[in-house]
Amino acid sequence: MQRAPLILLGIGGVGSALIRQIVQNRAHHATDYDLELPILALCDRDGAVVTLRDAIDDATLYEVVDFKARKGRLADHSQGGPQHDLAAVIDIAGQPDTIVVDCTASEATAPVLLAALARKHRVVLANKKPLTMQQEVYDRLTRAGDTETRHAPRRFHRTRWETTCGAGLPVIATLNRLLASGDPVTRIAGAFSGTLGFVMSGLQAGQPFSAVVREAHRLGYTEPDPRDDLGGVDVARKALILARGLGWRLALEDVAITGLYPAEMAARSVAEFMDALPSLDAQFRAQVEAAAASGKVLRYVAAIADGRCTVGPAAVEANSPLGHLRGADNLVEFHTGWYQPTPLVIQGRGAGADATAAGVLSDILELALK
Ligand SMILES: NC(=O)c1ccc[n+]([C@@H]2O[C@H](COP(=O)([O-])OP(=O)(O)OC[C@H]3O[C@@H](n4cnc5c(N)ncnc54)[C@H](OP(=O)(O)O)[C@@H]3O)[C@@H](O)[C@H]2O)c1
């Protein structure tokens, strides 16, 4: 049986769901793919559980998932210990052709992933941050293994990052298929935030901006500080990953971001920010009404076209895929040479630990079976 050993960085919602799915699919992977996915190390921000044998056993894996759900630190785990150097963990635990899986939300893993690739390992990212740092980091992460095909920048030999845009939805894979066929991609437009989709749907239904943001906050749809969602930076990272996927050489600073609150509200405490939300109600009501007057609807859109990335509220045709979107779904329109006037559309749940972990697992299988 073929073996693809794994080292997991980040055992939060996605990392834990991934561990459960790997264990639950062992028989399926063995029978249908002749593939075994042993886990060699699990790491959180300052600890790790590592084996120097064949694999961490499944009982321990489940126990670590429970331990992390109870907010435990792997540094304190009975089979774990402190770690301050993820690259050293990979050096100690790594076996030939290991796949290092980044389910953290930190830029700090970028040098670790590059070190893993330098040791001929492979990498899967759910974490957008390393791919939205300097262009050089993106190039080195995505083009690793190209030494023998130096001029073939789209032959992604050893890295996958499908879940960084639209979680489990096959957005990057679709983009790569379009590019491989030579179909010119003229415009990508998408709604990439379930939280902002919820807010825009509420506005469209006539709710005041303040009420819909408070509701999203109360339901846990936003980050503890809702400005982390409303600012649009997470959507901008996804737009940048798609633009870079097109071959454009852009930085995060090149993405024109319009957030859903003004700069002067950035310095306030969360409570003060929530109290001040009604001051934005009239302006959003006016935007919704202005869009409706021209047969349009307001959406939070990432647009990648003509060499530019823009992220922000935009009036879109009511009778377009984005215009039909309701609620927290993600949706991506690919406008291409063949897909016009009707774009190629991908829509569905664009978040959630299980859907994301399933996308990560598919990436792992794609690399393992390559
Ligand atoms: N959840 C989704 O729906 C979704 C969808 C698509 C993509 N993603 C991406 O998937 C990633 C994981 O999301 P999540 O919801 O699982 O996040 P999470 O619950 O916050 O878990 C993050 C994990 O990363 C660990 N971590 C943070 N910094 C680290 C570092 N420097 N070194 C090692 N470990 C570190 C944390 O360690 P501690 O446990 O010690 O804090 C934690 O275990 C994020 O990048 C997110 O953007 C998530």
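Further remarks concern the overall build of the protein. A count of helices and strands for the protein gives 15 helices and 15 strands. Taken against the 2.2 N^0.38 rule, which gives 21 Å for 370 residues, the C-alpha radius of gyration of the protein at 21 Å falls within 12% of a compact globule. With the C-alpha coordinates of the protein rotated into their principal frame, the extents come out at 65 × 50 × 35 Å. Counting every position in the protein, which comprises 370 residues, the buried fraction comes to 54%. At a minimum sequence separation of 6, the contacts of the protein that also span at least 24 residues come to 68%. Of the accessible surface of the protein, which amounts to about 16400 Å², a share of 51% is contributed by carbon and sulfur atoms.

Further remarks concern the packing of aromatic side chains. Applying the stated criterion to the full structure yields 5 aromatic pairs. Ring geometry for Phe156 versus Trp161: centroids 5.1 Å apart, planes at 85°, classification edge-to-face. Of the residues examined, Phe156 reaches a relative accessible area of 13% and is grouped as buried. Where Phe209 meets Phe284, the ring centres are 4.2 Å apart and the plane angle is 20°; that geometry is what we call stacked. You can see Phe209 sitting in helix α9 (residues 209–218) and its partner Phe284 sitting in helix α13 (residues 281–293), a full 75 residues away along the chain. In terms of burial, Phe209 and Phe284 fall into one category: buried. Taken together, the aromatic side chains of Tyr138, Phe156 and Trp161 make up a single cluster linked through ring pairs.

Further remarks concern the sheet that holds strand β11 (residues 256–257). Read from one edge to the other, the open sheet built from 6 strands follows the order β11-β13-β12-β10-β14-β15, with strand pairing classed as mixed. Two strands bound the open sheet, and with one partner strand each, they are β11 and β15 (344–348). Bridge count for strand β12 (residues 296–305) against strand β13 (residues 308–317) is 10 bridges, and the pairing is antiparallel. Considered in β13, the bridge of Val301 is made with Gly312. On top of the sheet, helix α7 (residues 171–180) reaches β10 (185–191), β14 (330–336) and β15; it is set at about 5° to β14, its chief contact. Together, β12, β13 and β14 form the strand contacts of helix α8 (residues 194–204), whose direction differs from that of β12 by roughly 150°.

Turning to the packing of helix α1 (residues 13–24) against helix α3 (residues 58–69), a few remarks are in order. Their axes nearest at 10 Å, the elements α1 and α3 cross at an angle of 155°. Put simply, α1 runs roughly antiparallel to α3. As for how α1 packs across α3, the hand of that crossing is left-handed. Here Ser16, Ile19, Arg20, Val23 and Gln24 of α1 lie close against α3, whose contacting residues are Asp58, Leu61, Tyr62 and Val65. Considered class by class, the residues forming the contact of α1 with α3 number 5 nonpolar, 2 polar and 2 charged.

The next point concerns the pairing of β15. Side-chain alternation along β15 places Leu344, Ile346 and Gly348 on a buried face and Val345 and Gln347 on a face that remains uncovered. As paired strands, β14 and β15 are joined by 5 bridges and run antiparallel to one another. By the bridge assignment, Asn330 is partnered in β15 with Gly348.

This part is about the side chain of Asn127. Assignment of secondary structure puts Asn127 in the loop between β8 (122–125) and α6 (135–142). For Asn127, a relative accessible area of 3% translates into the label buried. A distance of 3.4 Å separates a polar atom in the side chain of Asn127 from a polar atom in the side chain of Thr109. Here Lys129 takes part through its backbone nitrogen, which lies 3.1 Å from a polar atom of the side chain of Asn127. Setting aside residues no more than four positions away along its own chain, Asn127 makes contact with Asp102, Thr104, Ala105, Ser106, Thr109 and Thr164.

What follows covers the sheet that holds strand β6 (residues 80–82). Taken together, 7 strands build an open sheet; the order of strands is β6-β5-β4-β2-β7-β8-β9 and the sheet is mixed. Two strands bound the open sheet, and with one partner strand each, they are β6 and β9 (159–160). In the sheet, strand β4 (residues 39–43) pairs with strand β5 (residues 47–50) via 3 bridges, with the strands oriented antiparallel. Of the residues in β5, the one forming a bridge with Ala41 is Val50. Strand contacts of helix α4 (residues 86–93): β2 (6–9), β4, β5 and β7 (99–102), with the helix running at about 165° to β4, the strand carrying the most contacts.

With respect to burial, β14 is a largely interior element, 7 of its 7 residues being buried. Burial along β14 is two-sided: Asn330, Val332, Phe334 and Thr336 and Leu331, Glu333 and His335, pointing in opposite directions, are all buried. Both β10 and β14 contribute to a ladder of 6 bridges, which runs antiparallel. If you follow Gly190 over to β14, its bridge partner there is Val332.

Scoring rules and cut-offs
Residues numbered from 1 in each chain as written. Predicted model: local features only at pLDDT ≥ 70, side-chain atom pairs only at ≥ 80, totals over all residues. Heavy atoms only, no water. Helix = DSSP H or I, 4+ residues; strand = E, 2+ residues; numbered from the N terminus. Rg over C-alpha atoms; globule rule 2.2 N^0.38 Å. Buried < 20%, exposed > 50% of the residue type's maximum accessible area, 1.4 Å probe, protein only. Contact = heavy atoms within 4.5 Å. Areas by Shrake-Rupley, 256 points an atom, 1.4 Å probe, with all protein chains shown as cover. Phe/Tyr/Trp six-rings, centres within 6.5 Å; stacked < 30°, edge-to-face > 60°. Pairing = 2+ DSSP bridges. Axes fitted to C-alpha atoms, helices over the stretch in contact; angles between N-to-C directions. Parallel < 35°, antiparallel > 145°, perpendicular 65-115°, else oblique. Left-handed = near helix turned anticlockwise from the far one by under 90°. Nonpolar A, V, L, I, M, F, W, Y, C, P; charged D, E, K, R; others polar. Polar contact = N/O pair within 3.5 Å; in protein donor to acceptor, adjacent residues only side chain to side chain.

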